[in-house]
Amino acid sequence: MNTVGAAGLWEEATAKITGFMFTCLMFNQIFPDFLRHYLESLKNKFVLYFFPNVEITFHEYSGSKHKISEAYSLIETYLSSKSPTHSNRIVGELVKKRESVVLTMDASQEIVDVFNGVEVKWFLKVNLPSSTTISWGPSCDMDKKCYVLSFHCKDRKVVTRTYLDYVMGEGREIAVRNRQQRIYTNNPSDNWWDYKKNLWSHAVFKHPTTFKSLALDSKFKEEIIDDLATFSKGKEYYEKAGKAWKRGYLLYGPPGTGKSTMIAAMANYLSYDIYDLELTAVGDNTELRKLASVIPSKSIVVIEDIDCSLDLSGKRGKKKESGVRDGDPIVRKLKEEGQGGRESKVTLSGLLNFMDGLWSACAGERIIVVTTNHVEKLDPALIRRGRMDKHIELSYCGFEAFKILAKNFLDIDSHDLFGTIRELLEQSHMSPADVAESLMHKTLSRDVETCLQNLIQALKNAKEVETLEGEEKGCEKDDGNREDEEKGCEKEGGASEDEEKGCKKEDGASEDEEEGCESEDGTSEDEEGCEKDDESCEGEEGSKKEDC
Ligand SMILES: Nc1ncnc2c1ncn2[C@@H]1O[C@H](COP(=O)(O)OP(=O)(O)OP(=O)(O)O)[C@@H](O)[C@H]1O
Ligand SMILES: [Mg+2]
């Protein structure tokens, strides 16, 4: 009986399965494709009607098991800016640069975000081993973490086409802002193998200077800030114009006028890293190219005191016998002591390519800043627009710059002595560095009056020295005064050798040419009495060397 019953059940089941398969076959054959698709979409609509939410999952690890997915970390960074106000479980994290705690969502918590009127929900899912988990939230296949983005199906277009791009972009911006800034310097290539191919070594960059504390004329400051902002937001513009996304700044002026300080302010304003290129440590042009190729975007490449680094005033590709200027007393001393190290074979042409050649465009959003005390010594090719797009002259302290320093150091906006200081500043030349030094509190009593009196005294001294110097030369300080030039006077900040020789400092001085004076290079030949240096006369067209 039992055997008969079991056989009957088996037969019945077989008949049902066969019937179902037959129906499916008939369905596929009878209903044409378009009808089947229609029914399929009807089914989807039916499902969406009752379950209208769409979910997108971003796994922590996708592809490589060792590298966190970029999308995941950008979402994480983006969500760190959205405080999970309604959550009862929040994770606190110390962000180094901000030195404050940032609150983010904990596992299984939700953050609601609104974008252009569209509401979306973010959910952090952490998968525990499946045996111990009862999951009521959205599912996440991997045994790691994932973010699940949930939104209404009607907003699919907005979310997938605009919102996700926005999240990634914001994530990047926040990451840059939160990142600890670094300052890099190039390792001598002898050590490259030792540094495991680390061409650059770095330290944390923490400089307090901002454009606010920089003592500069406010209009001038605004202009520079504007220029930097336009550059940093100019990705599309540069692409459209077919130009590599980089910009060169030439900062020039007497010592202590704030060139290095401005670089710090620029880096802080843009949150870029600084790559301080020490040219004398670079062996040759190939090494220079290698160094250029690894500098990432969002960086400021700095070449300080470029006129002192190498002999870059000569003809492209040609150098004087020594790669390093003999006029540099430190280099000369090192050479004497046999510590001058290997000679750099970097040429002007190599440097021009570093700044402006194809290798310079390896990564976009790059700024190059060159500083010098003697702009007139540089080869015109080095500072032409396109290479050095913006030339910024930093000069002696004016009254407006003084007021900023007074605010920085003494926290005052006005004082009875300001009038006297204004007059003295107009009559003498003092760098902001010297003014700052006079204004600094030297005692714990922090007496404002004493500091201002210190400055007044320093300004009087400077004025006196300048007057004495003027009298000694028997000439007036007035710029461009031909009589003075003939008497052998030079404009302020000039080389003393030239003064002694009676050589005129600026371009195209025909008298000098006749006298055989060479351009003020600070080289020993100059000192020996206006010897004409043939090689230096081979300079590029328009180069000062041609004027000798
Ligand atoms: N414009 C400025 N605003 C605020 N501080 C300044 C300014 N210029 C100079 N200083 C102060 O003077 C000091 C020297 O300035 P900085 O090193 O920037 O001068 P520099 O132009 O780079 O000089 P050098 O040509 O000798 O390299 C800095 O510590 C800074 O505090
Ligand atoms: Mg400097």
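Structure first, text after, so check above.
Just so we're clear, the structure is a prediction, and the values are computed from it rather than from any experiment.

Here's the deal with the overall build of the chain
Tallying secondary structure elements over the chain gives 20 helices and 13 strands in all. Per-residue burial for the chain yields a buried fraction of 41% across its 548 residues. Of the contacts made within the chain by residues no fewer than 6 positions apart, 66% connect residues no fewer than 24 positions apart. Carbon and sulfur atoms make up 52% of the accessible area of the chain, which totals about 31600 Å².

Observations concerning the pairing of strand S11 (residues 299–303)
Across the five residues of S11, five count as buried, placing the element largely inside the fold. Of the two faces of S11, both are covered, the one formed by Ser299, Val301 and Ile303 as well as the one formed by Ile300 and Val302. As paired strands, strand S10 (residues 273–276) and S11 are joined by four bridges and run parallel to one another. Bridging from a neighbouring strand, aspartate 276 pairs with valine 302 of S11. With respect to chirality, the unit in which S10 leads through helix H8 (residues 285–293) into the neighbouring parallel S11 is right-handed. Judged from the five bridges that link them, S11 and strand S12 (residues 366–372) form a sheet pairing that is parallel.

Examining the sheet that holds S10
One open sheet holds the seven strands; their spatial order is S8-S7-S10-S11-S12-S9-S13, and the pairing between them is mixed. For this open sheet the edge positions go to strand S8 (200–204) and strand S13 (390–393), each flanked by a neighbour on one side alone. Within the sheet, the average angular offset between the axes of one strand and its neighbour, ignoring direction, is 20°. Both strand S9 (residues 246–252) and S13 contribute to a ladder of four bridges, which runs parallel. Paired with leucine 250 across the bridge in S13 is histidine 391. Packed on one face of the sheet, helix H7 (residues 259–270) meets S9, S10, S11, S12 and S13 and runs near 170° to S12.

Remarks on the packing of aromatic side chains
The final tally for this structure, using the stated rule, is 17 aromatic pairs. Judged by centre distance (5.9 Å) and plane angle (80°), the ring pair of tyrosine 78 and tyrosine 166 falls under edge-to-face. A residue pair is termed long-range when its members are at least 10 positions apart, and tyrosine 78 in helix H3 (residues 70–80) and tyrosine 166 in helix H4 (residues 156–178) qualify at 88 residues. Take tyrosine 78: its relative accessible area is 1%, and that puts it in the buried class.

Observations concerning the nonpolar core
In terms of nonpolar packing, the biggest core is built from 30 residues, with Leu277, Ile303, Leu351, Phe354, Met355 and Leu382 touching the most fellow members. Of all the secondary structure elements, the ones that give two or more residues to this core are S9, H8, S11, helix H11 (348–356), S12 and helix H12 (380–383). Here this core takes five residues from H11, the largest share from any one element. If you look at the next biggest cluster of nonpolar residues, it comprises 27 residues, including Leu214, Leu228, Met262 and Met266.

Brief notes about the site of ligand 1
By nearness alone, 14 residues border ligand 1, and Ala215, Lys259, Ser260, Thr261 and Asn373 come closest of all. Backbone polar atom of alanine 215 to a nitrogen atom of ligand 1: 2.7 Å apart, as the coordinates give it. Take lysine 259: an N or O atom from its side chain is 2.7 Å from an oxygen atom of ligand 1. Broken down by element, the residue count for the shell around ligand 1 peaks at three residues, all from H7. In the shell around ligand 1, the residues fall into six nonpolar, seven polar and one charged.

Some details on the pairing of S10
Of the strand pairs in this sheet, strand S7 (residues 182–186) and S10 are connected by three bridges, and their pairing is parallel. Paired with threonine 185 across the bridge in S10 is aspartate 276.

Digging into the packing of helix H14 (residues 418–427) against helix H16 (residues 448–473)
Across the interface, H14 lies against H16 with an axial gap of 10 Å and an inter-helix angle of 25°. As summarised for this structure, H14 and H16 are arranged roughly parallel, according to the angle between their axes. Between H14 and H16 the crossing geometry is left-handed. Listed contacts from H16 to Phe418, Thr420, Ile421, Leu424, Leu425 and Gln427 of H14 are Leu452, Leu455, Ile456, Leu459, Lys460, Lys463 and Glu466. Partitioned by chemical class, the residues of the contact of H14 with H16 number eight nonpolar, two polar and three charged.

Here's the deal with the environment of valine 118
Considering the arrangement of structural elements, one finds valine 118 in strand S5 (residues 118–126). Taking relative accessible area as the criterion, valine 118 reaches 8% and is therefore assigned buried. C-alpha of valine 118 to C-alpha of lysine 154: the two residues are 36 residues apart in sequence and 9.7 Å apart in space. For valine 118, the contacting residues outside a window of four places in its chain are Asp113, Asp155, Val158 and Val159.

A closer look at H16
Compared with an ideal rise of 1.5 Å per residue, which puts 26 residues at 38 Å, H16 spans 38 Å between its outermost C-alpha atoms and is within 8% of the ideal. For H16, the complete set of buried residues consists of Cys451, Leu452, Leu455, Ile456, Ala458, Leu459, Ala462, Glu466 and Gly470. At its buried positions, H16 is contacted by helix H13 (399–410), H14 and helix H15 (432–439). Where H16 begins, one side-chain oxygen reaches toward the backbone nitrogen of glutamate 449, 3.5 Å away; that side chain belongs to aspartate 447.

Looking at unusual backbone geometry
A positive phi is found at aspartate 305, a non-glycine position, where the angle reads about 45°. In this structure aspartate 305 comes out as partly exposed when scored by relative accessible area, which is 30%. The phi torsion at glutamate 365 lies on the positive side, around 50°, for a residue other than glycine. Along the polypeptide, glutamate 365 turns up in the loop between H11 and S12.

A look at the pattern of salt bridges
In this structure the tally under the stated criterion is nine salt bridges. Note that glutamate 70 and arginine 172 form a salt bridge whose closest N and O atoms lie 3.5 Å from each other. Separated by 102 residues along the polypeptide, glutamate 70 in helix H3 and arginine 172 in helix H4 bring together distant segments of the chain. Residue lysine 407 pairs with aspartate 413 through a salt bridge whose shortest N-O separation is 3.7 Å. When its relative accessible area of 37% is taken as the criterion, lysine 407 is described as partly exposed.

Rules of the game
Residues numbered from 1 in each chain as written. Chains lettered and ligands numbered in written order. Predicted model: local features only at pLDDT ≥ 70, side-chain atom pairs only at ≥ 80, totals over all residues. Heavy atoms only, no water. Helix = DSSP H or I, 4+ residues; strand = E, 2+ residues; numbered from the N terminus. Buried < 20%, exposed > 50% of the residue type's maximum accessible area, 1.4 Å probe, protein only. Contact = heavy atoms within 4.5 Å. Areas by Shrake-Rupley, 256 points an atom, 1.4 Å probe, with all protein chains shown as cover. Pairing = 2+ DSSP bridges. Right-handed = clockwise from strand over helix to strand, strands pointing away. Axes fitted to C-alpha atoms, helices over the stretch in contact; angles between N-to-C directions. Phe/Tyr/Trp six-rings, centres within 6.5 Å; stacked < 30°, edge-to-face > 60°. Core = buried A, V, L, I, M, F, W, Y, C linked by side-chain atoms within 4.5 Å. Near = heavy atom within 4 Å. Polar contact = N/O pair within 3.5 Å; in protein donor to acceptor, adjacent residues only side chain to side chain. Nonpolar A, V, L, I, M, F, W, Y, C, P; charged D, E, K, R; others polar. Parallel < 35°, antiparallel > 145°, perpendicular 65-115°, else oblique. Left-handed = near helix turned anticlockwise from the far one by under 90°. Expected span 1.5 Å × (residues − 1). Salt bridge = Lys/Arg side-chain N within 4 Å of Asp/Glu carboxyl O.

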